[in-house]
Amino acid sequence: MDSTVADGTATDSTATNGAAGESAATRSAATNGPAVAEDKPPAEDAETDPDPAGEQEPAAGEQEPSAEARPEAEEPRQAARPALTTTEPRQITDPQQSAEPQQITDPRETSDREEDTDPAQAGDRPRPEHPAAQSAAQSAAGAAPTREPDRDRLLGIRVIAFVTSLCVLVVGWALIRVGGAGATATSAQGAPSPAPARLVQQLARTFTLPGTAPAIPWPTTGQAAVEMEGYGPLGTSGAVAKPVPIASVAKTMTAYLILLHHPLAAGESGPVITVGAAEAAAYPSELRSGQSLVKVRAGEHISERDALEALMLASADNIAKILARWDAGSAASFVATMNHTAHSLGMTHTTYTDPSGLDPGTVSTATDQITLGRAAMRSPAFAAIVAQQTASIPVQGTIHNYNRLVGHNGVLGIKTGSTDQAGGCLLFADTVTVGGRPQTVIGAVLGQPLGTAEHFLDPVLDAASKLITAAQGTLVAGTVAAPGGLSASVHRPGSAGPAGETLLGVQSAVVVIGRPGQTYRVVVSGGSEAPRLTVTAVDPAGAAAAVTRTLSVPLVRLSAGGGVSLR
């Protein structure tokens, strides 16, 4: 608490603090420069007893200081405020050192000047506290501006240093990763990658079957065509695009449809067909008209297989009509199915008007009939039936195949036919063994002259026999690659001697079959990992044509002795 003397003069707080106050005043003066001249109020104006703990109310009769006087009272305080700022902050660790000489203006000097100001002008400003309390406040106030900013600043510096170090570590780690990857990439780019293994074909690029194709003895009349199944046409003669009557060769479509709708397993007789009274009664008139028939009786039970044997071997016209009625309900419905099937097989020059071919309106071509024969011979039941020379059926007993070529020279069937309008006709199948492999030859001969009496089919059978013999001599076999032979090799750059080369060959002989002079393209492909040998037939001109036969086999590693290694 500040003390007050009896005459009302305020004792300066520096007097209480002694030399310390003087020292502070001296420092304040040195810091703030020359003291500012103040207009001191008369001594009697300070007689009001100041309240050390509260505010001083103006005496009765006294007036508030004028607006002009207030700036004069505020001016010392405004001049003293800059002196509270430390010019060079220092860290003070001991509050007792606040009395040490510092570059800090003593707040008491401001209080002294404020006490010298007229109380009327002082307004509601609080009075100074006791010197001891003021000294403690001074110590706290003196330390706060210095120590707290320094502590915050030090903490900020540490945080910034930590964040900077962390950033340096992260950036350094990233640079190391990028640099390492770049070095690796540079190393990988700089060092040339090893060249891949190279597959080299050791076989010739083409292969031609040896010999000269013999001339095929084509018939001089009618039309004919021969092809090897899986190979292609061997040739044609006559106007093969002109439909002509085909007689009983039409029964091939009838048998094909019956087996398509009612398949038979090997050795199976199949369902039973009952001969109708009208069908049995028609037999005498049909016989007088010269039709090819087998005897039937009303109510007779005949199996599907027996009926098909009578149809294809004995060429029974009456059985063709019975099968059509049994399958489709009527001959007309069955004929419609015949034409629909022909169209679906691509037989564009064929028209059926009856199930037996007796009607000359049933027409076709040699090439269309080869198409049908190829499809029909894929049925095991059909192939088994037409390959028989004889069979036994109810009522009629033993029947013989009109095609006397069957069973000779590899002939397998298929169907003969003859009428005055159609002449002699034959659709045949033959097996040719070439290079140890069976190959099926299918041919058709139409419009041949008729022989006499029981030899009426001889001209057409003779013409077909010549074609079959020529076909057998026309086809030859050739070996493109043999087991143990070198077909290709794999070369690995950078490896010398046997370690850098792998020899490749085929495990089984690669044999092609065709006419002499036929050329094949030979290609080794698949790279070093999956090498293959592919052989493809081309036409004699060397241009790519319809593939008649293609073989593709994997290549295997050859052992040191030239044999095939299965490792």
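Reading guide: rules and limits
Residues numbered from 1 in each chain as written. Predicted model: local features only at pLDDT ≥ 70, side-chain atom pairs only at ≥ 80, totals over all residues. Heavy atoms only, no water. Helix = DSSP H or I, 4+ residues; strand = E, 2+ residues; numbered from the N terminus. Contact = heavy atoms within 4.5 Å. Core = buried A, V, L, I, M, F, W, Y, C linked by side-chain atoms within 4.5 Å. Buried < 20%, exposed > 50% of the residue type's maximum accessible area, 1.4 Å probe, protein only. Pairing = 2+ DSSP bridges. Axes fitted to C-alpha atoms, helices over the stretch in contact; angles between N-to-C directions. Salt bridge = Lys/Arg side-chain N within 4 Å of Asp/Glu carboxyl O. pLDDT = per-residue confidence, 0-100. Expected span 1.5 Å × (residues − 1). Arc of directions from axis to C-beta. Parallel < 35°, antiparallel > 145°, perpendicular 65-115°, else oblique. Left-handed = near helix turned anticlockwise from the far one by under 90°. Nonpolar A, V, L, I, M, F, W, Y, C, P; charged D, E, K, R; others polar. Patch = residues over 30% accessible without salt bridge, like charges linked within 9 Å, V, L, I, M, F, W, Y side chains within 5 Å. Areas by Shrake-Rupley, 256 points an atom, 1.4 Å probe, with all protein chains shown as cover. Polar contact = N/O pair within 3.5 Å; in protein donor to acceptor, adjacent residues only side chain to side chain.

The subject of this paragraph is the environment of P245. Mapped onto the elements, P245 comes out in strand β5 (residues 244–245). With 116 residues separating them along the chain, P245 and G361 place their C-alpha atoms 6.7 Å apart. In this view, P245 contacts P360, T362, V363, Q421, A422 and C425; residues no more than four positions away in its chain are not counted.

Looking now at the nonpolar core. With 59 residues, the main nonpolar core has M253, L308, M312, I319, Y352 and F382 as its most contacted residues. The next biggest cluster of nonpolar side chains, apart from the first, holds 45 residues, and it includes L203, L426, L475 and V524.

Pairing is antiparallel across the open sheet formed by four strands, whose spatial order is β2-β18-β19-β20. For this open sheet the edge positions go to β2 (206–208) and β20 (550–554), each flanked by a neighbour on one side alone. On average, each strand axis in the sheet is inclined to that of its neighbour by 20°, with strand direction left out of account. Relative to β20, strand β19 (residues 532–538) is paired through five bridges, and the arrangement is antiparallel. Within the sheet, the bridge partner assigned to T534 lies in β20 and is S552.

With respect to the secondary-structure elements, T252 resides in helix α7 (residues 251–261). A relative accessible area of 0% means that T252 is categorised as buried. In this structure, the C-alpha to C-alpha distance between T252 and P355, residues 103 residues apart in sequence, is 9.4 Å. With sequence-adjacent residues up to four places away left out, T252 is seen in contact with M312, L372, F382, I414, K415 and L427.

This part is about the pattern of salt bridges. Scanning all chains against the criterion turns up six salt bridges. Measuring nitrogen to oxygen at the nearest pair gives 2.8 Å for the salt bridge that ties E279 to R325. Linking E279 in helix α8 (residues 277–281) with R325 in helix α11 (residues 317–328), this pair joins segments that are 46 residues apart in sequence. Classification of R325 by relative accessible area gives partly exposed; the value is 28%.

The next point concerns the sheet that holds strand β15 (residues 488–491). Read across the open sheet, the four strands follow the order β1-β15-β16-β21; overall the sheet is antiparallel. Sheet topology places β1 (198–201) and β21 (556–557) at the edges, where each strand pairs with a single neighbour. As paired strands, β15 and strand β16 (residues 501–505) are joined by four bridges and run antiparallel to one another. The residue bridging H491 from the neighbouring strand is E501, located in β16.

Another point: the confidence of the model for the protein. When pLDDT drops low, the exact placement of atoms in the prediction is not to be read closely. Summary statistics for the protein give a mean pLDDT of 77 and a share of 66% for residues scoring 70 or more. Segment residues 1–126: pLDDT under 50, and 112 contacts once partners within four positions in sequence are set aside and those in other chains are kept. Contacts for the low-pLDDT stretch residues 541–548, under 50 throughout, to residues beyond four places or in other chains number nine contacts.

Further remarks concern helix α12 (residues 331–345). The end-to-end C-alpha separation of α12 is 21 Å, in line with the 21 Å expected for 15 residues at 1.5 Å each. Within α12, burial applies to F334, V335, M338, T341 and A342. Seen along its axis, α12 keeps its buried residues to an arc of 120°; they face one direction. Opposite the packed face of α12, turned more than 90 degrees from it, sit the exposed residues A332, H340, H343 and S344. The elements touched by buried residues of α12 are α7 and α11. Following α12 by one or two positions, G346 has its phi on the positive side, about 90°.

The pairing of β16 with β21 spans two bridges and is classified as antiparallel. Bridge pairing links L504 to R557 in β21.

We now examine helix α13 (residues 366–376). Every α-helix winds through 3.6 residues per turn, so residues three or four apart in the chain are directed the same way. Summarising burial for α13: nine of the 11 residues are buried, a large majority. Those residues of α13 that fall on the buried side of the exposure criterion are A366, D368, Q369, I370, T371, L372, G373, A375 and A376.

So, about the packing of α7 against α13. For the pair α7 and α13, interaxial distance at closest approach is 10 Å and the crossing angle is 30°. It follows from the interaxial angle that α7 and α13 lie roughly parallel. Crossing hand, α7 versus α13: left-handed. Contact with α7, carried on its side by T252, M253 and Y256, involves L372, A375 and A376 of α13 and no other residues of that element.

Before going further, it helps to examine the packing of α7 against α11. Where α7 meets α11, the closest approach of the two axes is 11 Å, and the angle between their N-to-C directions is 35°. The interaxial crossing formed by α7 with α11 has left-handed handedness. Facing α7, whose interface residues are K251, I258 and H261, α11 presents D317, L323, W326 and D327. A per-class count over the contact of α7 with α11 returns three nonpolar, one polar and three charged.

A contiguous nonpolar patch, built from L155, V159, F162, V163, L166, L169 and V170 and spanning about 680 Å² of accessible area, is present on the exposed surface. Examined against the element boundaries, L169 turns out to sit in helix α6 (residues 131–190). Residue class for L169 comes out exposed when judged on its relative accessible area of 61%.

The next subject is unusual backbone geometry. Phi is positive for A247, close to 55°, though the residue is something other than glycine. Classification of A247 as buried rests on a relative accessible area of 1%.

Mapped onto the elements of the fold, L475 is located in the loop between α15 (458–474) and β14 (476–481). Separated by 41 residues in sequence, L475 and V434 have C-alpha atoms that sit 6.9 Å apart. Not counting residues up to four positions away in its chain, the partners in contact with L475 are M228, L234, V434, I513, G514 and R515.

A few words on the side chain of T416. Its location among the elements puts T416 in strand β11 (residues 411–419). Judged by relative accessible area, T416 falls into the buried class, the value being 5%. If we ignore the near neighbours within four places in the chain, the residues touching T416 are S248, V249, Y402, N403, C425, L426, L457 and L461.

On to the side chain of S315. Within the fold, S315 resides in the loop between α10 (304–312) and α11. Here the side chain of S315 touches S248 through a polar contact of 3.1 Å, side chain to side chain. Dropping the residues within four chain positions of it, S315 is found in contact with S248, K251, S292, A310, Y402 and K415.

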